[in-house]
Amino acid sequence: MQNVELLMPAGNLEKLEYAIRYGANAVYLGVVDFSLRAMRKGQLITLDNLKEAVELAHTLGAKAYVTLNIFAFNNDIRQLESCIGRFKDANPDAIILSDFGVFNLVKKYMPDTPVHISTQTNTLNYESVKFWRDLGASRVILARELAISDIAEIRKQVPDVELESFVHGSQCVSFSGRCLLSDYFTNGERKANHGNCSQPCRWSYKLVEETRPGQYYEINQDERGSHILSPKDLCLVEHIRELIDAGIDSLKVEGRTKSLYYVSAVAKTYRQAIDECIKNPAADLHKYFIELQKVGNRGYTTGFALGENKPDSYSYDISKGLAGADFLCEFKEKTGNGYLVKIKNKIHLNDKIEIITPDEQFITEVTEIIKEGESVEVGNTNDDVCLKLTIAPQNYKYAIARTIGVKHHVS
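The residue numbering used here restarts from 1 in each chain and proceeds along that chain's sequence as written. Per-residue local features of the predicted model are confined to residues with pLDDT of at least 70, and side-chain atom pairs are confined, for both listing and counting, to 80 or more; whole-chain, interface and lining totals are unaffected and use all residues. Each side-chain value is worked out from all heavy atoms of the structure, with water and hydrogens disregarded.

- For the protein, the name recorded in an unreviewed UniProt entry is U32 family peptidase, with Candidatus Scatousia excrementigallinarum as its organism.

Structure, rendered in C-alpha coordinates:
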(Lines give C-alpha, C1' and ligand atoms only; values in the text may rest on other atoms or scores of the structure.)
Protein backbone atom coordinates (compact mmCIF):
# COMPACT_ATOMS: atom_id res chain seq x y z
CA MET A 1 0.00 0.00 0.00
CA GLN A 2 1.38 3.39 -1.02
CA ASN A 3 2.26 6.19 1.38
CA VAL A 4 -0.21 9.03 1.45
CA GLU A 5 0.11 12.65 2.55
CA LEU A 6 -1.81 13.95 5.56
CA LEU A 7 -2.61 17.60 4.78
CA MET A 8 -3.73 19.75 7.70
CA PRO A 9 -4.97 23.37 7.94
CA ALA A 10 -2.69 26.09 9.33
CA GLY A 11 -4.85 29.01 10.44
CA ASN A 12 -1.93 30.74 12.16
CA LEU A 13 1.73 30.08 12.98
CA GLU A 14 1.00 28.24 16.22
CA LYS A 15 -1.51 25.92 14.58
CA LEU A 16 0.93 25.34 11.73
CA GLU A 17 3.57 24.08 14.13
CA TYR A 18 1.19 21.94 16.17
CA ALA A 19 -0.36 20.40 13.03
CA ILE A 20 3.06 19.27 11.83
CA ARG A 21 4.29 18.09 15.22
CA TYR A 22 1.08 16.07 15.65
CA GLY A 23 1.58 14.27 12.35
CA ALA A 24 0.88 16.36 9.24
CA ASN A 25 3.13 15.83 6.22
CA ALA A 26 1.99 19.14 4.78
CA VAL A 27 -0.07 22.20 5.72
CA TYR A 28 -2.10 24.69 3.72
CA LEU A 29 -2.28 28.34 4.66
CA GLY A 30 -3.61 31.59 3.31
CA VAL A 31 -3.22 35.32 3.76
CA VAL A 32 -5.95 37.93 4.14
CA ASP A 33 -7.57 39.08 0.87
CA PHE A 34 -6.56 36.01 -1.17
CA SER A 35 -7.90 33.12 0.90
CA LEU A 36 -11.34 31.59 1.45
CA ARG A 37 -10.84 31.68 5.23
CA ALA A 38 -10.25 34.95 7.08
CA MET A 39 -8.41 34.29 10.35
CA ARG A 40 -9.05 36.40 13.42
CA LYS A 41 -7.02 34.89 16.28
CA GLY A 42 -3.42 34.05 17.09
CA GLN A 43 -0.29 35.00 15.18
CA LEU A 44 -2.00 35.44 11.83
CA ILE A 45 -0.26 34.62 8.57
CA THR A 46 0.19 37.76 6.49
CA LEU A 47 2.36 38.83 3.58
CA ASP A 48 4.88 40.04 6.15
CA ASN A 49 5.37 36.65 7.82
CA LEU A 50 4.36 34.32 4.99
CA LYS A 51 8.00 33.46 4.27
CA GLU A 52 8.55 32.75 7.98
CA ALA A 53 5.54 30.40 7.97
CA VAL A 54 6.76 28.45 4.94
CA GLU A 55 10.29 28.23 6.36
CA LEU A 56 8.90 26.98 9.70
CA ALA A 57 7.06 24.17 7.92
CA HIS A 58 10.23 23.27 6.00
CA THR A 59 12.32 23.33 9.19
CA LEU A 60 9.87 20.85 10.73
CA GLY A 61 10.14 18.59 7.68
CA ALA A 62 6.78 19.35 6.11
CA LYS A 63 5.53 21.03 2.95
CA ALA A 64 3.56 24.28 2.88
CA TYR A 65 0.92 25.06 0.26
CA VAL A 66 -0.37 28.63 -0.04
CA THR A 67 -3.98 29.30 -1.03
CA LEU A 68 -4.86 31.94 -3.61
CA ASN A 69 -8.29 30.46 -4.17
CA ILE A 70 -10.67 33.44 -4.04
CA PHE A 71 -12.98 34.15 -6.96
CA ALA A 72 -11.08 37.17 -8.20
CA PHE A 73 -12.54 40.43 -9.51
CA ASN A 74 -10.47 42.99 -11.45
CA ASN A 75 -9.31 44.75 -8.30
CA ASP A 76 -8.22 41.41 -6.82
CA ILE A 77 -6.12 40.69 -9.89
CA ARG A 78 -4.50 44.12 -9.71
CA GLN A 79 -3.79 43.69 -6.02
CA LEU A 80 -2.34 40.22 -6.50
CA GLU A 81 -0.11 41.34 -9.36
CA SER A 82 1.27 44.14 -7.19
CA CYS A 83 2.37 41.77 -4.43
CA ILE A 84 2.90 38.41 -6.13
CA GLY A 85 6.64 38.86 -5.66
CA ARG A 86 6.06 38.36 -1.94
CA PHE A 87 4.45 34.99 -2.63
CA LYS A 88 7.31 34.01 -4.88
CA ASP A 89 9.88 35.04 -2.27
CA ALA A 90 8.12 32.88 0.34
CA ASN A 91 8.89 29.85 -1.87
CA PRO A 92 5.87 27.66 -1.03
CA ASP A 93 5.75 24.07 -2.21
CA ALA A 94 2.62 24.83 -4.24
CA ILE A 95 -0.07 27.44 -4.86
CA ILE A 96 -3.70 26.36 -4.48
CA LEU A 97 -5.99 28.27 -6.84
CA SER A 98 -9.34 28.13 -8.61
CA ASP A 99 -9.50 31.24 -10.80
CA PHE A 100 -8.16 31.26 -14.38
CA GLY A 101 -6.85 34.80 -13.99
CA VAL A 102 -4.96 33.89 -10.85
CA PHE A 103 -3.69 30.81 -12.68
CA ASN A 104 -2.27 33.05 -15.44
CA LEU A 105 -0.53 35.34 -12.94
CA VAL A 106 1.01 32.44 -11.02
CA LYS A 107 2.25 30.83 -14.24
CA LYS A 108 3.65 34.19 -15.39
CA TYR A 109 5.43 35.26 -12.20
CA MET A 110 6.00 31.91 -10.44
CA PRO A 111 6.59 29.48 -13.32
CA ASP A 112 8.60 27.03 -11.20
CA THR A 113 6.02 26.75 -8.40
CA PRO A 114 3.67 23.75 -8.62
CA VAL A 115 -0.03 24.57 -9.01
CA HIS A 116 -2.76 22.70 -7.15
CA ILE A 117 -6.31 23.14 -8.47
CA SER A 118 -8.75 23.97 -5.67
CA THR A 119 -11.88 21.98 -4.91
CA GLN A 120 -13.71 25.22 -5.79
CA THR A 121 -13.37 24.26 -9.47
CA ASN A 122 -15.85 21.40 -8.91
CA THR A 123 -13.63 18.82 -10.59
CA LEU A 124 -15.78 15.69 -10.93
CA ASN A 125 -14.47 13.72 -13.90
CA TYR A 126 -11.30 12.49 -15.57
CA GLU A 127 -11.57 14.81 -18.58
CA SER A 128 -11.54 17.81 -16.22
CA VAL A 129 -8.48 16.40 -14.48
CA LYS A 130 -6.79 15.95 -17.87
CA PHE A 131 -7.66 19.56 -18.72
CA TRP A 132 -5.93 20.90 -15.61
CA ARG A 133 -2.98 18.55 -16.07
CA ASP A 134 -2.51 19.73 -19.65
CA LEU A 135 -2.56 23.35 -18.46
CA GLY A 136 0.34 22.53 -16.15
CA ALA A 137 -1.25 21.67 -12.81
CA SER A 138 0.60 19.09 -10.75
CA ARG A 139 -2.33 18.26 -8.45
CA VAL A 140 -6.12 18.42 -8.58
CA ILE A 141 -8.18 18.69 -5.39
CA LEU A 142 -11.31 16.74 -6.21
CA ALA A 143 -14.85 17.87 -5.43
CA ARG A 144 -16.37 16.58 -2.19
CA GLU A 145 -19.34 15.31 -4.22
CA LEU A 146 -17.37 12.38 -5.68
CA ALA A 147 -17.79 8.76 -4.69
CA ILE A 148 -14.64 6.75 -3.99
CA SER A 149 -15.47 4.57 -7.01
CA ASP A 150 -15.42 7.68 -9.22
CA ILE A 151 -12.05 8.67 -7.76
CA ALA A 152 -10.69 5.24 -8.67
CA GLU A 153 -11.85 5.69 -12.27
CA ILE A 154 -10.24 9.13 -12.46
CA ARG A 155 -6.95 7.68 -11.23
CA LYS A 156 -7.14 4.90 -13.81
CA GLN A 157 -7.78 7.38 -16.62
CA VAL A 158 -5.22 9.96 -15.42
CA PRO A 159 -2.30 8.24 -13.69
CA ASP A 160 0.16 11.12 -14.14
CA VAL A 161 -1.27 13.82 -11.85
CA GLU A 162 -1.60 13.98 -8.07
CA LEU A 163 -5.10 13.68 -6.60
CA GLU A 164 -6.20 15.19 -3.30
CA SER A 165 -9.46 14.62 -1.44
CA PHE A 166 -11.10 15.99 1.69
CA VAL A 167 -11.53 13.37 4.41
CA HIS A 168 -12.63 15.37 7.44
CA GLY A 169 -14.28 18.58 8.57
CA SER A 170 -17.13 20.99 7.95
CA GLN A 171 -19.10 20.73 4.73
CA CYS A 172 -20.92 23.40 2.76
CA VAL A 173 -24.54 23.04 1.68
CA SER A 174 -23.62 24.43 -1.72
CA PHE A 175 -21.81 22.60 -4.50
CA SER A 176 -18.11 22.44 -3.51
CA GLY A 177 -18.40 25.70 -1.62
CA ARG A 178 -19.84 27.86 -4.43
CA CYS A 179 -22.40 29.75 -2.37
CA LEU A 180 -23.93 33.23 -2.43
CA LEU A 181 -26.22 33.00 0.61
CA SER A 182 -23.85 35.01 2.80
CA ASP A 183 -23.44 37.67 0.10
CA TYR A 184 -27.22 38.12 -0.17
CA PHE A 185 -28.07 37.95 3.53
CA THR A 186 -25.44 40.56 4.47
CA ASN A 187 -26.02 42.88 1.51
CA GLY A 188 -22.61 42.06 0.13
CA GLU A 189 -20.72 42.90 3.32
CA ARG A 190 -19.60 39.32 3.99
CA LYS A 191 -18.68 37.58 0.74
CA ALA A 192 -18.37 33.83 1.08
CA ASN A 193 -15.83 33.44 -1.69
CA HIS A 194 -13.63 36.22 -0.37
CA GLY A 195 -12.98 34.57 2.97
CA ASN A 196 -15.71 36.14 5.09
CA CYS A 197 -18.71 33.78 5.03
CA SER A 198 -21.34 34.48 7.70
CA GLN A 199 -22.44 30.81 7.48
CA PRO A 200 -26.19 31.27 6.94
CA CYS A 201 -26.36 27.51 6.36
CA ARG A 202 -25.81 27.15 10.12
CA TRP A 203 -28.65 29.53 11.08
CA SER A 204 -31.95 28.37 12.53
CA TYR A 205 -34.95 28.82 10.20
CA LYS A 206 -38.73 28.94 10.52
CA LEU A 207 -41.28 28.89 7.72
CA VAL A 208 -43.58 31.77 6.74
CA GLU A 209 -46.33 31.44 4.13
CA GLU A 210 -46.49 34.29 1.59
CA THR A 211 -50.13 35.29 2.23
CA ARG A 212 -49.74 35.11 6.03
CA PRO A 213 -46.93 37.57 6.86
CA GLY A 214 -45.80 37.45 10.45
CA GLN A 215 -47.16 33.93 11.03
CA TYR A 216 -44.21 31.60 11.51
CA TYR A 217 -44.46 27.83 11.33
CA GLU A 218 -42.01 25.29 12.66
CA ILE A 219 -40.42 23.16 9.97
CA ASN A 220 -40.06 20.50 12.63
CA GLN A 221 -41.15 20.37 16.26
CA ASP A 222 -38.27 22.25 17.84
CA GLU A 223 -38.56 25.59 19.62
CA ARG A 224 -35.21 26.63 18.13
CA GLY A 225 -36.41 26.24 14.57
CA SER A 226 -34.65 23.94 12.13
CA HIS A 227 -31.14 23.98 10.70
CA ILE A 228 -32.35 22.69 7.35
CA LEU A 229 -29.23 23.81 5.45
CA SER A 230 -26.54 22.61 7.85
CA PRO A 231 -24.69 19.47 6.71
CA LYS A 232 -23.01 17.19 9.20
CA ASP A 233 -19.22 17.11 9.21
CA LEU A 234 -17.35 14.78 6.91
CA CYS A 235 -15.44 11.90 8.52
CA LEU A 236 -13.80 9.25 6.35
CA VAL A 237 -11.27 7.91 8.84
CA GLU A 238 -12.75 4.41 8.55
CA HIS A 239 -12.39 4.54 4.75
CA ILE A 240 -8.73 5.54 4.45
CA ARG A 241 -7.85 2.17 2.95
CA GLU A 242 -10.42 2.54 0.16
CA LEU A 243 -9.21 6.07 -0.61
CA ILE A 244 -5.59 4.99 -0.82
CA ASP A 245 -6.54 2.01 -2.98
CA ALA A 246 -8.49 4.39 -5.23
CA GLY A 247 -5.29 6.34 -5.85
CA ILE A 248 -5.54 9.40 -3.61
CA ASP A 249 -2.15 11.01 -2.93
CA SER A 250 -3.22 13.48 -0.24
CA LEU A 251 -5.88 13.27 2.46
CA LYS A 252 -7.04 16.76 3.42
CA VAL A 253 -8.63 17.98 6.65
CA GLU A 254 -10.78 21.14 6.63
CA GLY A 255 -10.51 23.65 9.46
CA ARG A 256 -8.28 26.72 9.26
CA THR A 257 -10.64 28.53 11.65
CA LYS A 258 -10.79 25.62 14.10
CA SER A 259 -9.03 25.60 17.50
CA LEU A 260 -5.49 24.54 18.30
CA TYR A 261 -6.94 21.53 20.11
CA TYR A 262 -8.99 20.52 17.07
CA VAL A 263 -6.02 20.71 14.72
CA SER A 264 -3.75 18.77 17.08
CA ALA A 265 -6.20 16.03 18.02
CA VAL A 266 -7.44 15.46 14.45
CA ALA A 267 -3.89 15.38 13.08
CA LYS A 268 -2.84 12.86 15.71
CA THR A 269 -5.83 10.62 15.05
CA TYR A 270 -5.48 10.59 11.26
CA ARG A 271 -1.70 10.12 11.52
CA GLN A 272 -2.22 7.02 13.65
CA ALA A 273 -5.00 5.72 11.41
CA ILE A 274 -2.98 6.19 8.22
CA ASP A 275 0.13 4.57 9.70
CA GLU A 276 -1.82 1.58 10.99
CA CYS A 277 -3.68 1.21 7.71
CA ILE A 278 -0.44 1.19 5.72
CA LYS A 279 1.15 -1.30 8.11
CA ASN A 280 -1.94 -3.52 8.22
CA PRO A 281 -4.46 -2.97 5.38
CA ALA A 282 -6.99 -5.15 7.21
CA ALA A 283 -6.89 -3.05 10.40
CA ASP A 284 -10.17 -2.07 12.06
CA LEU A 285 -10.14 1.73 12.11
CA HIS A 286 -13.33 2.27 14.11
CA LYS A 287 -11.39 3.22 17.26
CA TYR A 288 -10.17 6.31 15.42
CA PHE A 289 -13.74 7.29 14.60
CA ILE A 290 -14.44 7.18 18.35
CA GLU A 291 -11.39 9.37 18.98
CA LEU A 292 -12.72 11.94 16.53
CA GLN A 293 -15.93 12.19 18.56
CA LYS A 294 -13.79 14.06 21.12
CA VAL A 295 -13.35 17.10 18.87
CA GLY A 296 -16.01 19.57 17.79
CA ASN A 297 -18.45 18.17 15.24
CA ARG A 298 -22.06 18.51 14.08
CA GLY A 299 -22.42 14.77 13.84
CA TYR A 300 -20.48 12.81 11.24
CA THR A 301 -21.33 11.63 7.76
CA THR A 302 -19.48 9.92 4.92
CA GLY A 303 -21.06 12.43 2.53
CA PHE A 304 -20.92 11.27 -1.09
CA ALA A 305 -17.91 9.00 -0.61
CA LEU A 306 -19.87 5.76 -0.54
CA GLY A 307 -22.03 6.63 -3.51
CA GLU A 308 -24.98 8.50 -2.04
CA ASN A 309 -25.65 11.47 0.21
CA LYS A 310 -28.50 10.46 2.51
CA PRO A 311 -31.02 12.71 4.29
CA ASP A 312 -29.31 11.96 7.62
CA SER A 313 -26.23 13.78 6.31
CA TYR A 314 -27.83 17.01 7.55
CA SER A 315 -27.66 18.23 11.12
CA TYR A 316 -31.22 19.42 11.67
CA ASP A 317 -30.87 20.07 15.40
CA ILE A 318 -27.55 21.88 15.81
CA SER A 319 -25.39 24.26 13.84
CA LYS A 320 -22.36 24.69 16.07
CA GLY A 321 -19.94 21.80 16.44
CA LEU A 322 -20.14 20.07 19.83
CA ALA A 323 -17.07 18.29 21.17
CA GLY A 324 -17.31 15.02 23.06
CA ALA A 325 -14.39 16.15 25.22
CA ASP A 326 -13.57 19.60 26.59
CA PHE A 327 -10.22 21.23 25.79
CA LEU A 328 -8.90 21.89 29.30
CA CYS A 329 -5.49 23.49 28.95
CA GLU A 330 -2.45 24.13 26.81
CA PHE A 331 0.98 23.48 28.38
CA LYS A 332 3.49 26.35 28.29
CA GLU A 333 6.57 25.42 30.33
CA LYS A 334 7.92 23.32 33.18
CA THR A 335 8.18 24.96 36.60
CA GLY A 336 9.91 22.83 39.23
CA ASN A 337 7.81 19.68 39.57
CA GLY A 338 4.78 21.28 37.92
CA TYR A 339 3.71 22.77 34.61
CA LEU A 340 2.60 26.28 33.72
CA VAL A 341 -0.60 25.97 31.65
CA LYS A 342 -3.21 28.25 30.07
CA ILE A 343 -6.66 27.12 31.21
CA LYS A 344 -9.21 26.79 28.38
CA ASN A 345 -12.03 25.20 30.38
CA LYS A 346 -12.31 24.92 34.16
CA ILE A 347 -10.10 22.34 35.93
CA HIS A 348 -10.73 21.23 39.54
CA LEU A 349 -8.34 19.79 42.06
CA ASN A 350 -8.26 15.96 41.89
CA ASP A 351 -9.79 15.91 38.39
CA LYS A 352 -8.75 13.02 36.19
CA ILE A 353 -7.78 14.36 32.77
CA GLU A 354 -6.40 13.00 29.51
CA ILE A 355 -3.09 14.30 28.18
CA ILE A 356 -2.16 14.10 24.50
CA THR A 357 1.17 15.04 22.96
CA PRO A 358 2.60 14.28 19.52
CA ASP A 359 3.78 10.90 20.82
CA GLU A 360 1.87 10.27 24.06
CA GLN A 361 -1.71 9.75 25.24
CA PHE A 362 -2.57 8.88 28.84
CA ILE A 363 -4.83 9.64 31.81
CA THR A 364 -3.49 11.48 34.85
CA GLU A 365 -4.80 13.22 37.97
CA VAL A 366 -4.46 16.84 39.08
CA THR A 367 -2.83 16.82 42.53
CA GLU A 368 -2.30 20.56 42.95
CA ILE A 369 -3.33 23.82 41.28
CA ILE A 370 -1.20 26.88 42.06
CA LYS A 371 -2.21 30.40 41.09
CA GLU A 372 0.01 33.37 41.90
CA GLY A 373 1.90 31.27 44.47
CA GLU A 374 -1.22 30.03 46.28
CA SER A 375 -2.83 26.58 46.13
CA VAL A 376 -6.41 26.80 44.84
CA GLU A 377 -9.30 24.39 44.31
CA VAL A 378 -10.02 25.33 40.71
CA GLY A 379 -8.30 26.77 37.66
CA ASN A 380 -10.74 29.01 35.80
CA THR A 381 -10.95 29.70 32.06
CA ASN A 382 -8.09 31.92 30.84
CA ASP A 383 -6.14 31.55 34.10
CA ASP A 384 -2.40 30.94 33.96
CA VAL A 385 -1.75 28.35 36.66
CA CYS A 386 0.76 25.70 37.65
CA LEU A 387 -0.54 22.12 37.58
CA LYS A 388 0.99 19.16 39.39
CA LEU A 389 0.06 15.73 38.03
CA THR A 390 0.41 12.09 39.03
CA ILE A 391 1.78 11.30 35.56
CA ALA A 392 3.49 14.04 33.60
CA PRO A 393 4.02 14.38 29.85
CA GLN A 394 7.54 13.93 28.51
CA ASN A 395 6.94 16.18 25.50
CA TYR A 396 5.29 18.84 27.64
CA LYS A 397 5.97 21.77 25.30
CA TYR A 398 3.26 20.60 22.89
CA ALA A 399 1.01 18.85 25.40
CA ILE A 400 -2.74 19.43 25.52
CA ALA A 401 -5.22 18.29 28.18
CA ARG A 402 -8.87 17.35 27.74
CA THR A 403 -11.65 15.63 29.65
CA ILE A 404 -11.77 11.84 29.61
CA GLY A 405 -13.84 9.82 27.17
CA VAL A 406 -16.75 11.01 25.03
CA LYS A 407 -19.34 12.78 27.15
CA HIS A 408 -21.90 12.90 24.33
CA HIS A 409 -22.18 11.66 20.78
CA VAL A 410 -23.66 13.95 18.12
CA SER A 411 -25.77 11.76 15.84
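## As for the overall build of the protein
Alright, step 1. Along its length, the protein carries 10 helices and 21 strands.
Alright, step 2. A buried classification covers 52% of the 411 residues belonging to the protein.
Alright, step 3. Every accessible area reported is derived by Shrake-Rupley at a probe size of 1.4 Å, with residue values counting cover from the shown protein chains alone. Per element, the accessible surface of the protein, about 18500 Å² overall, is 48% carbon and sulfur. In this description a helix means any DSSP run of H or I spanning at least four residues, a strand means any run of E spanning at least two, and both kinds are numbered starting from the N terminus. Partly exposed describes any residue whose relative accessible area lies between the buried limit of under 20% and the exposed limit of over 50%, with all areas from a 1.4 Å probe on protein chains only and scaled to the type maximum.

## Some words on the packing of aromatic side chains
Alright, step 1. Whether two aromatic rings pair depends on their centres lying within 6.5 Å, for rings of Phe, Tyr and Trp, where Trp uses its six-membered ring; planes under 30 degrees apart make the pair stacked, over 60 edge-to-face, and the rest tilted. Taken as a whole, this structure holds 10 aromatic pairs when the rule is applied.
Alright, step 2. Centre to centre, the rings of Tyr18 and Tyr22 are 6.3 Å apart; their planes meet at 10°, and the pair counts as stacked.
Alright, step 3. Looking at Tyr22, the relative accessible area reads 2%, which means it is buried.
Alright, step 4. Positioned over the ring face of Tyr339 is Lys334, at 5.2 Å from the centre of the ring. Our definition puts a charge over a ring when NZ of Lys or CZ of Arg is within 6 Å of the ring centre and also within 35 degrees of the ring normal.

## Describing unusual backbone geometry
Alright, step 1. Despite not being glycine, Glu372 has its phi angle at roughly 50°, a positive value.
Alright, step 2. Relative to the assigned elements, Glu372 resides in the loop between strand 17 (360–371) and strand 18 (374–376).
Alright, step 3. Overall, the relative accessible area of 76% leaves Glu372 in the exposed class.
Alright, step 4. One non-glycine residue, Asn382, adopts positive backbone phi at about 75°.
Alright, step 5. Examined against the element boundaries, Asn382 turns out to sit in the loop between strand 19 (378–379) and strand 20 (384–389).
Alright, step 6. On the basis of relative accessible area, Asn382 is assigned to the exposed category, the value being 55%.

## So, the pattern of salt bridges
Alright, step 1. Salt bridges, as used here, are contacts in which a Lys or Arg side-chain nitrogen is within 4 Å of a carboxyl oxygen on Asp or Glu. Inspection of the entire model under this criterion finds 26 salt bridges.
Alright, step 2. Between Glu162 and Arg139 there is a salt bridge, and its shortest N-O distance comes to 2.8 Å. Of the two residues, Glu162 sits in strand 7 (residues 162–169) while Arg139 sits in strand 6 (residues 139–141), which places them 23 residues apart along the sequence.
Alright, step 3. Residue Glu162 is classed as partly exposed on the basis of its relative accessible area, which comes to 33%.
Alright, step 4. Owing to a relative accessible area of 3%, Arg139 belongs among the buried residues under this scheme.
Alright, step 5. Where salt bridges share partners, they join Glu5, Arg139, Glu162, Glu164 and Lys252 into one cluster.

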